[in-house]
Structure formats: structure tokens, C-alpha cells
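# Breakdown of the fold
Listed below are the residues making up each chain.
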Amino acid sequence: MVGYALYPSHSKPAWLEALLTDKFFVSCSKHLELKKNESNIFCIDCSKSICQHCVPNHRSHRLLQVRRYVYHDVIRLLDLQKLLDCSLVQTYIINSAKVVFLNQRPQSRPAKGLANSCQTCDRSLQEAYCYCSVSCKVNAVLNKEKDLSTLLYHCSSLPFPDIFDYSPREFSSKDEKIAEIGEELSASSMLEETCSGSNANDVRWMLTCSEIDMPLVKKICRRVAAPHSISRPSTSRRKGIPHRSPIS
């Protein structure tokens, strides 16, 4: 059930404060010895970032998956808007999914004087938006209205992708498959130059899929790379008409 929540109106709730200040994509302190231990999941109920190996201990909690876009943290709009009013925050599309930035990004100079810019940090925006990130909107509402009650929603359950229901061992097996695909993609320089950044990082977005069809993916990789393969000229040459030496 989603609805307005009864949070203290004068400050941010603990989970929102942690979401906007925690550092993601750093090694999880509890699983330093394991691979794929970067903290890219946020637990609403615990108000902290966790890694995929921590998920079994948070199965009944509300979880958000944090992603990276141009070296900054983003969250899918479909997930975050169940907890927070994200209207007027500029969205971006990644792999057919709308995402929003958690925090404002550094810029060389403010875009003052332009037609439309962020009301908090003056970053240039599209016409339909007023804020460049979630934190900019939250800070603007606090400074203007001193009240977040109309901004926050109560969500008792937050479904998480089924991929995180696997055990850590199954995670490692699936990650190895993804790495194998990434190596095959990066093996062809022609493919990298023509497919607008098709590399191992792009393949990681396949984590949202429940299954990975390895034969099909490899077949697609070979078909894409085939037109760009370098054709070698044939070494055989047709012999000309033989000429006999004149009889002396």
C-alpha cells in the first residue's frame, strides 16, 4: 500500500538521509574476501547500503537497487517513486528504463540566464523539469515549505528483482557467465568501435533479467561482429597463358 506517511515534517527521515549521503559501489566491509562485493543495494528498513551477499539477511526488507550512470548514482524512477514524490525531477532513459540522479552533479559553472535550470543548483534542464536530482528537490522543499509530509509516501512492501533471491554461490556462477560474455564482446575491436560502447559494463545491465541464454547471446555477438571482420585477399593468382621458348 502506498500513501502519505507520517514523518517528522521538519527533517528528512533516516532512510532518506542515508540514501542521499551513503557511498555506493565501494567494497562491502562484511564481505571483503568475496568477489562482486560492491555496495549497490540500499535497505530502506536498515537505512544503509549493502552488497548482493548481504541480501539473504534482508529478504523481508524493502530494498532499492542503485545503478551508475556517467559515474554518478541513479535509481529507477519506477522504484523510487513508491517512496518519494519524484515529479519535476529530470529523468534519463537507460536500457528503456527511466532513472533519476540521487544527488546533484558537479559542473564547471552554473547555467544562469538559460531558459530553464534547476531551482537549487542552476544546472541546465529540459523545459518540463525543475530539479536535476532527488536531493535538489528535497532541499528545495525543506527550504521553502519546511515540511516533507506531502513529498514522502509510505510503502509497506517493495518487490526486488528475482535475481537477488539466489545464493552467493549462484551469484558467482551467473557473474562468471556475464564476464564470459563481456570478454567475447571486448575481444573484437571492430565491435567496440561500432556498437557505441558495447562492453562488459553494458552487459551488467542484464542482471535485471531472470535468466541468461548463453548460446543465444554468443550467437548474437558473432553475428554482430561478422560484418566487421577483415576479409583477407586471396593469395592464389590465376596463371597466364604459357609461352614456349622459340625453337633454335
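Structure: above.
All values reported here derive from a predicted model rather than from experimental measurement.

The subject of this paragraph is helix 3 (residues 134-145). Relative to the 16 Å expected for 12 residues at 1.5 Å per residue, helix 3 spans 16 Å between its end C-alpha atoms, a close match to the ideal helical length. Buried within helix 3 we find Val134, Ser135, Cys136, Lys137, Val138, Ala140, Val141 and Leu142. Residues of helix 3 that are buried sit in contact with helix 1 (14-21), helix 2 (77-80) and strand 7 (97-101).

Moving on: the pairing of strand 7. The buried fraction of strand 7 amounts to 4 of the 5 residues, a majority that puts the element mostly inside the structure. With 3 bridges connecting them, strand 5 (residues 72-76) and strand 7 associate as antiparallel partners. Of the residues in strand 7, the one forming a bridge with Arg76 is Val99. Alignment of strand 6 (residues 92-94) against strand 7, held across 3 bridges, turns out to be antiparallel. Directly across from Ile93, in strand 7, lies its bridge partner Lys98. In textbook terms, the turn of a hairpin is the stretch between consecutive antiparallel strands, and for strand 6 and strand 7 this stretch comprises 2 residues, one of which, Asn95, has a positive phi near 50°.

Moving on: the packing of aromatic side chains. Counting across every chain of the model gives 4 aromatic pairs. Between Tyr69 and Phe101, the aromatic rings sit 6.0 Å apart at their centres with planes inclined by 40°, giving tilted as the arrangement. Here Tyr69, found in strand 4 (residues 63-69), pairs with Phe101, found in strand 7; they are 32 residues apart in sequence, far enough to count as distant. Residue class for Phe101 comes out buried when judged on its relative accessible area of 0%. Pairing Tyr92 with Phe101 gives two aromatic rings, centres 5.2 Å apart and planes at 80°, and the pair type is edge-to-face.

Turning our eyes to something else, we now look at the environment of Ile93. Within the secondary structure, Ile93 is located in strand 6. For the pair formed by Ile93 and Arg76, sequence separation is 17 residues and the distance between their alpha carbons is 9.3 Å.

One finds Trp15, Leu19, Phe42, Leu64 and Leu80 to be the most contacted residues of the largest nonpolar core, which totals 36 residues. Elements represented by at least two residues in this core include exactly helix 1, strand 4, helix 2 and helix 3. Among the elements that make up this core, the one with the highest residue count is helix 3 (6 residues). For Leu80, the residues in contact, after removing those within four places along its chain, are Leu19, Leu64, Ile75, Cys86, Val100 and Val134. Counting 9 residues, the second-largest nonpolar core is a separate cluster that includes Ile50, Cys51, Cys54 and Leu63.

As enumerated under the stated definition, the model contains 5 salt bridges in all. In this structure, Arg76 and Asp79 form a salt bridge, with 3.2 Å as the shortest nitrogen-oxygen distance. A residue is classified by how much of its surface remains accessible, and Arg76, at 27% relative accessible area, is partly exposed. A residue is classified by how much of its surface remains accessible, and Asp79, at 14% relative accessible area, is buried. Residue Lys137 pairs with Asp85 through a salt bridge whose shortest N-O separation is 3.6 Å. A residue pair is termed long-range when its members are at least 10 positions apart, and Lys137 in helix 3 and Asp85 in the loop between helix 2 and strand 6 qualify at 52 residues.

Rules used in this analysis
Residues numbered from 1 in each chain as written. Predicted model: local features only at pLDDT ≥ 70, side-chain atom pairs only at ≥ 80, totals over all residues. Heavy atoms only, no water. Helix = DSSP H or I, 4+ residues; strand = E, 2+ residues; numbered from the N terminus. Expected span 1.5 Å × (residues − 1). Buried < 20%, exposed > 50% of the residue type's maximum accessible area, 1.4 Å probe, protein only. Contact = heavy atoms within 4.5 Å. Pairing = 2+ DSSP bridges. Phe/Tyr/Trp six-rings, centres within 6.5 Å; stacked < 30°, edge-to-face > 60°. Core = buried A, V, L, I, M, F, W, Y, C linked by side-chain atoms within 4.5 Å. Salt bridge = Lys/Arg side-chain N within 4 Å of Asp/Glu carboxyl O.

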